[in-house]
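Secondary and tertiary structure notes
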Amino acid sequence: MDRQRRLLVTGAGGFLGWTLCPLAARDWQVWGTYHRQPLKIPQTRLLRVDLTDPDQLQACFDQVRPDAVLHLAALSRPNDCELNPDYSYQVNVAASWRLADLCGAAGIPLVFTSSELVFDGRNPPYTETSPVCPLNRYGEHKVLAELGMGDRYPLATIARMPLMFGVASPQSESFLQPFLRQLRAGQPLRLFTDEIRMPVSAIVAASGLLLLLNHPGELFNLGGRDRLSRYDFGQLLTDVFNLSPALLSPCLQADVPMAAPRARDLTLDSSKAFALGYDPPTVRSQLAQLTSFSSMSDTPFP
Ligand SMILES: NC(=O)c1ccc[n+]([C@@H]2O[C@H](COP(=O)([O-])OP(=O)(O)OC[C@H]3O[C@@H](n4cnc5c(N)ncnc54)[C@H](OP(=O)(O)O)[C@@H]3O)[C@@H](O)[C@H]2O)c1
């Protein structure tokens, strides 16, 4: 691929963007947006953009003139969306629709990171044709974003992401960092035995999203291959990171009240993406790959 082609990555400063941008730079000239805090990302040109401001988004497009867009920016924590539904709508829905308008006008590939949380977890496994049934505001807003983007720009590609883990960005961490901090402090970690996910690392997710730039107008699940409860995941984590499994304490979703209701079993059938070459290794080997990163250490951020 031509190295000078420009890829615009929204939410580059977030957890996934931090890993994705340097990987994308192998094939693209990468431009990333950040929002509140300036940061540096290797091999990435960065612009400050509030995506809820149409003028700022337009100015960003005019400056970058992207050849393709990966839309990662979001209010990504379900509890935050439940507590701030209007802002969630502005970021997760309205800004996504505007991006679809801009990409449609330019006729360029657009891949949007939706979520497994468009499903309620009651009727797994979920394929790309399963009816959506979100349990919380975050999931509802991802559904609205998907539908409106497709209406505005039928060539937009939707990627339903699973739970992801990996290296923390300077501004955002995955669920792994608090787990590691707690275990390394010798504190017990309560983990659900009744919440099932098919997680992947940000490295694997990034590889899938870059692949989907070549598949306009389609919808894909980008789940992993291992079906694990949070407790199963904790057992793999303690094993790979050489931490005490005795600190893991099994519990049920019902034991922990949360602002946003939680889906129970989000088993995703991702065979459509596997057939394209998206090929997640086992979670154990993805975790092993992360042990060498300094930002997996006790401190939350590098
Ligand atoms: N992480 C997961 O396990 C997971 C699972 C399924 C789907 N996803 C989806 O995958 C994508 C990436 O997730 P992530 O974990 O990387 O999320 P993240 O760490 O929360 O990053 C999201 C980024 O979006 C930016 N953003 C928020 N509001 C913005 C605004 N008004 N204007 C411009 N930027 C704004 C945030 O910047 P500020 O913080 O400065 O506002 C943040 O850097 C999201 O679409 C998320 O919904 C994630």
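Residues numbered from 1 in each chain as written. Predicted model: local features only at pLDDT ≥ 70, side-chain atom pairs only at ≥ 80, totals over all residues. Heavy atoms only, no water.

Given 3.6 residues to a turn, an α-helix orients residues that are three or four positions apart in the same direction. With eight of its ten residues buried, helix α1 (residues 15-24) lies for the most part within the structure. For α1, every residue scored as buried is listed here: F15, L16, G17, W18, T19, L20, C21 and A24. (Buried < 20%, exposed > 50% of the residue type's maximum accessible area, 1.4 Å probe, protein only. Helix = DSSP H or I, 4+ residues; strand = E, 2+ residues; numbered from the N terminus.)

Another aspect to go through is the pairing of strand β6 (residues 157-161). The buried fraction of β6 amounts to five of the five residues, a majority that puts the element mostly inside the structure. Judged by which residues are buried, β6 turns out to be covered on both faces: T157, A159 and M161 on one side and I158 and R160 on the other are all buried. For strand β5 (residues 110-115) and β6, the ladder comprises five bridges, and the chain directions are parallel. The residue bridging S114 from the neighbouring strand is R160, located in β6. Here three bridges tie β6 to strand β11 (residues 219-221), and the two strands are oriented parallel to one another. Paired with A159 across the strands is F220, a residue of β11. (Pairing = 2+ DSSP bridges.)

Turning next to the sheet that holds β11. Read across the sheet, seven strands follow the order β3-β2-β1-β4-β5-β6-β11 without closing on themselves; strand pairing throughout is parallel. What marks the edges here is a single partner per strand, and that holds for β3 (44-48) and β11. Neighbouring strand axes in the sheet, compared pairwise and without regard to direction, differ in orientation by 20° on average. Packed onto the sheet, helix α2 (residues 54-64) meets β1 (6-10), β2 (29-34), β3 and β4 (68-71) and runs at close to 155° relative to β1. (Axes fitted to C-alpha atoms, helices over the stretch in contact; angles between N-to-C directions. Contact = heavy atoms within 4.5 Å.)

A word on the domain arrangement of the protein chain. Assigned domains within the protein chain: domain 1 (6-165 + 199-226 + 268-280) and domain 2 (176-196 + 228-266 + 287-296). When each unit is reduced to the centre of its C-alpha atoms, the spacing between domain 1 and domain 2 is 25 Å. On the side of domain 2, 16 residues touch domain 1, which itself brings 19 residues to the contact. Together domain 1 and domain 2 conceal approximately 1,500 Å² of surface at their shared face, both sides included; 69% is due to carbon and sulfur atoms. At the boundary of domain 1 with domain 2, the tally comes to zero salt bridges. Put simply, domain 1 and domain 2 have four residue pairs in polar contact (both at pLDDT 80 or more) between them. Ranked by residue count, the leading element in the side of domain 1 that touches domain 2 is helix α3 (residues 78-83), at four residues. Of the residues in the side of domain 1 that touches domain 2, the class split is twelve nonpolar, three polar and four charged. (Domains from an automatic or database assignment. Buried area = accessible area lost by both parts, 1.4 Å probe. Salt bridge = Lys/Arg side-chain N within 4 Å of Asp/Glu carboxyl O. Polar contact = N/O pair within 3.5 Å; in protein donor to acceptor, adjacent residues only side chain to side chain. Nonpolar A, V, L, I, M, F, W, Y, C, P; charged D, E, K, R; others polar.)

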